[in-house]
Amino acid sequence: MRHFGHLAPEVRHRLFYREPCAFGADSPAKLLSAALGATLYSPATRPRLADDIVKQTERGVVSMVLCLEDSIGDEDVAAGEENLVRQFADLAARPGPQLPLLFIRVRTPEQIPDLVRRLGATAELLSGFVFPKFTEERGIPFLEALSGAEAASGRRLFGMPVLETPELMYRETRVDALEGIARAVEKYRSRVLALRLGVTDFCSSYGLRRAPDMTAYDVQIVASVIADVVNMLGRADGTGFTVTGPVWEYFRVPERMFKPMLRHSPFLEGQAVELRERLIEHAMDGLLREISLDHANGLLGKTCIHPSHVPAVHALSVVSHEEYSDAADILRPERGGGGVLRSQYTNKMNEVKPHRAWAERTMLRAEVFGVAHEDVSFVDLLAAGIPG
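Residues numbered from 1 in each chain as written. Predicted model: local features only at pLDDT ≥ 70, side-chain atom pairs only at ≥ 80, totals over all residues. Heavy atoms only, no water.

(A) The arrangement of helix H14 (residues 321–330) in detail. Among the 10 residues of H14, 7 are classified as buried, and the element is accordingly described as predominantly covered. For H14, the set of buried residues is His 321, Tyr 324, Ser 325, Asp 326, Ala 327, Asp 329 and Ile 330. (Buried < 20%, exposed > 50% of the residue type's maximum accessible area, 1.4 Å probe, protein only. Helix = DSSP H or I, 4+ residues; strand = E, 2+ residues; numbered from the N terminus.)

(B) Just the nonpolar core, in detail. Counting 109 residues, the largest nonpolar core has Phe 103, Ile 104, Phe 129 and Ile 226 as its most contacted members. Membership of the second largest hydrophobic core comes to 10 residues, among which are Val 319, Ala 327, Leu 341 and Ala 366. (Core = buried A, V, L, I, M, F, W, Y, C linked by side-chain atoms within 4.5 Å.)

(C) Broad picture of the environment of Val 310. Mapping Val 310 onto the fold places it in helix H13 (residues 310–317). Judged by its relative accessible area of 2%, Val 310 is buried. For the pair Val 310 and Thr 39, spaced 271 residues apart in sequence, the C-alpha to C-alpha distance is 8.0 Å. When sequence neighbours within four positions are dropped, the list of residues in contact with Val 310 reads Ala 38, Gly 60 and Val 61. (Contact = heavy atoms within 4.5 Å.)

(D) Inspection of the pattern of salt bridges at higher detail. As enumerated under the stated definition, the model contains 29 salt bridges in all. Residue Lys 302 is joined to Glu 290 by a salt bridge in which the shortest nitrogen-to-oxygen separation is 2.9 Å. With Lys 302 in strand E9 (residues 302–304) and Glu 290 in helix H12 (residues 284–296), this pair connects stretches of sequence that are 12 residues apart. This pair shows no difference in class: Lys 302 is buried, exactly as Glu 290 is. Among the salt bridges present, the one from Glu 322 reaches Lys 348, with a minimum N-O distance of 2.4 Å. (Salt bridge = Lys/Arg side-chain N within 4 Å of Asp/Glu carboxyl O.)

(E) Molecular detail of the side chain of Arg 365. As for its placement among the helices and strands, Arg 365 is situated in helix H15 (residues 352–369). According to the relative accessible area criterion, Arg 365 is buried, its value standing at 12%. Apart from residues lying up to four places away in sequence, Arg 365 is in contact with Leu 300, Leu 316, Ser 317, Val 318, Val 319, Glu 323 and Gly 370.

(F) Here's a closer look at the environment of Arg 14. Inspection of the secondary structure puts Arg 14 in helix H1 (residues 9–15). Note on Arg 14: relative accessible area 52%, which makes it exposed. Remark: the alpha-carbon pair of Arg 14 and Val 376, spanning 362 residues in sequence, is separated by 8.6 Å. Aside from chain neighbours lying at most four places away, what touches Arg 14 is His 373 and Val 376.

(G) Structural detail: a nonpolar patch on the surface. Together, Tyr 170, Tyr 206 and Leu 208 line one region of the surface with nonpolar side chains, adding up to about 250 Å² of accessible area. The exposure class of Leu 208 is partly exposed, given its relative accessible area of 38%. (Patch = residues over 30% accessible without salt bridge, like charges linked within 9 Å, V, L, I, M, F, W, Y side chains within 5 Å. Areas by Shrake-Rupley, 256 points an atom, 1.4 Å probe, with all protein chains shown as cover.)

(H) Layout of H13. H13 sits mainly inside the fold: 8 of its 8 residues count as buried. Turning to H13, its buried residues number three or more, namely Val 310, Pro 311, Ala 312, Val 313, His 314, Ala 315, Leu 316 and Ser 317. Elements that come into contact with the buried residues of H13 comprise strand E2 (38–43), H12, E9, H15 and helix H16 (378–385).

(I) Representation of the packing of aromatic side chains in the model. For the structure on display, the rule yields 6 aromatic pairs. Look at Phe 131 and Phe 142: their rings are 5.2 Å apart centre to centre, the planes differ by 25°, and that puts the pair in the stacked class. Here Phe 131 is found in strand E5 (residues 126–131), whereas its partner Phe 142 is found in helix H6 (residues 136–153), with 11 residues between them in sequence. In this structure, Phe 131 and Phe 142 share a single accessibility class: buried. Counting every residue linked through ring pairs, the aromatic cluster contains Phe 131, Phe 134 and Phe 142. (Phe/Tyr/Trp six-rings, centres within 6.5 Å; stacked < 30°, edge-to-face > 60°.)

So far we have only geometry, and geometry alone does not tell us how the molecule works.
See the structure below:
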């Protein structure tokens, strides 16, 4: 699979200076962690789940989480497990293109080996599991269960811990909680694909819910947690992990208090003015701003609960031609000794040593999301990616 692979080749050729690379479930973990993109969540109880997965794949989704936790009631867990076994069998029997990376969000460690056993040969479609409310104490049993299931099945499986517990919110326990999480994920580093932020649970600790015209970064108590998670677990010195952005809860807004956050100027050509109105109507202006702030704060990828959010995450993850040009200049072998140079766009300073880690991350993002042509903007990418 590849990002934007659902678009016609001539459309990709028009949009991309360098097209996204192909990847699959067996690709290197570093590549997969960057390629997760918009990870679409779906309740495991959906009766036509296999059809849904195929449909979303055809619309550009490359990673999905099938949820047995908060998205379904306690009384529906057994039915959800049974449904997953049926739906995986259905998917395995279908010919066709490669499916997205599929993860199951479980409630308990015991579900991991049990589900792998019940899935049988169809577990080859599974890329791993998502662990809720992850702490050192709670998380180690999940990681041990994952390792055991991997050994038993002979299938590489990844874990994605969700950081969402009150211990991370409360100032007096945050550092200890993060240090414990760091110990747990470091011990199982090769099995941890990415760390996910559960901002909805963070807000619930204080009875908060952000409005559709506010981002997670406008809720200061939440923003402080994101900053500390990245500080301790997302470093670019080889000790860090990919940390993904928080979920955006809205997909249509009947009324807003503040002005839309999308400027008119990028949308002035062709049908883009109409596109801007559609984005505003469906609260996507707030989402676009939050994605931009995710990137600025060191996050990559995003949890999504509605298919309409996927094109926005992917469009804003594409590396601009200017970013690519800067990164390539910084990483030239002859620049190894450092120094300062003017960017090819003649609008900024590129300082080789301080900007090197940024350049390396940008090149990894360029590999999986591609590089836009010089005259292609995020509006063009959005317009191409949004169905109908």
